[in-house]
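# Observations on chain architecture
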Amino acid sequence: MCAMNCLVRIAVFTVLIGGVSLTNAHADGTSVYIAGKGKHCKETGVSGNLDCFYASLEACQKRNKSANLKCIANPNSGT
């Protein structure tokens, strides 16, 4: 029973951290956390961190229009 619970916890932890990466995206050398693997991201307003869960720029802009958040291409996706 414990072995199964441990495996489930490891799997959940792996999924949770799997979409988060660290990149050096600023010219001044500060680090930015990038969550998700979508082609487009919204800036969270927290130190320029990015939430990248959008397949298109239009989807990002539509979803975040009311919050007035900036949408950009994912710096890790090569677009």
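Residues numbered from 1 in each chain as written. Predicted model: local features only at pLDDT ≥ 70, side-chain atom pairs only at ≥ 80, totals over all residues. Heavy atoms only, no water.

## Describing the overall build of the chain
Counting its secondary structure elements, the chain contains two helices and five strands. In the chain, the succession of helices and strands from N to C terminus is α-β-β-β-β-α-β. Each of the 79 residues in the chain was classed as buried or not, and the buried ones make up 22%. Across the chain, the fraction of contacts at a sequence separation of at least 24, relative to all contacts at a separation of at least 6, is 28%. When the accessible surface of the chain is totalled, it reaches about 5800 Å², and 60% of it is carbon and sulfur. (Helix = DSSP H or I, 4+ residues; strand = E, 2+ residues; numbered from the N terminus. Buried < 20%, exposed > 50% of the residue type's maximum accessible area, 1.4 Å probe, protein only. Contact = heavy atoms within 4.5 Å. Areas by Shrake-Rupley, 256 points an atom, 1.4 Å probe, with all protein chains shown as cover.)

## Comments concerning the state of the cysteines
Disulfides are covalent bonds that link the sulfur atoms of two cysteine residues. According to the stated counting rule, one finds two disulfides in the structure shown. The side chain of Cys 41 participates in a disulfide bridge whose partner is Cys 52; the two sulfur atoms lie 1.9 Å from each other. Of note, the bridge from Cys 41 to Cys 52 carries an S-S torsion of about 95 degrees and is right-handed in sense. One end of the pair, Cys 41, is in strand E3 (residues 40-43); the other, Cys 52, is in strand E4 (residues 50-54), with 11 residues separating them in the sequence. Disulfides within the chain link the bonded cysteines, taken in sequence order, as 1-2, 3-4. (Disulfide = S-S within 2.5 Å.)

## Focus on the nonpolar core
Counting five residues, the largest nonpolar core is built from Val 32, Ile 34, Cys 41, Leu 50 and Cys 52. The set of elements that each furnish at least two residues to this core consists of strand E2 (32-35) and E4. (Core = buried A, V, L, I, M, F, W, Y, C linked by side-chain atoms within 4.5 Å.)

## Digging into the environment of Gly 36
Among the structural elements, Gly 36 can be located in the loop between E2 and E3. Separated by 17 residues in sequence, Gly 36 and Phe 53 place their C-alpha atoms 5.4 Å apart.

## Things to note about the pairing of E4
When E2 meets E4, the two strands line up parallel, connected through two bridges. Bridged to Ile 34 within E4 is Leu 50. For E3 and E4, the ladder comprises three bridges, and the chain directions are antiparallel. The partner of His 40 across the bridge, within E4, is Tyr 54. Count of turn residues in the E3/E4 antiparallel hairpin: six residues, of which Gly 45 carries a positive phi of about 85 degrees. (Pairing = 2+ DSSP bridges.)

Scope: geometric values only; no functional claims are made or implied.
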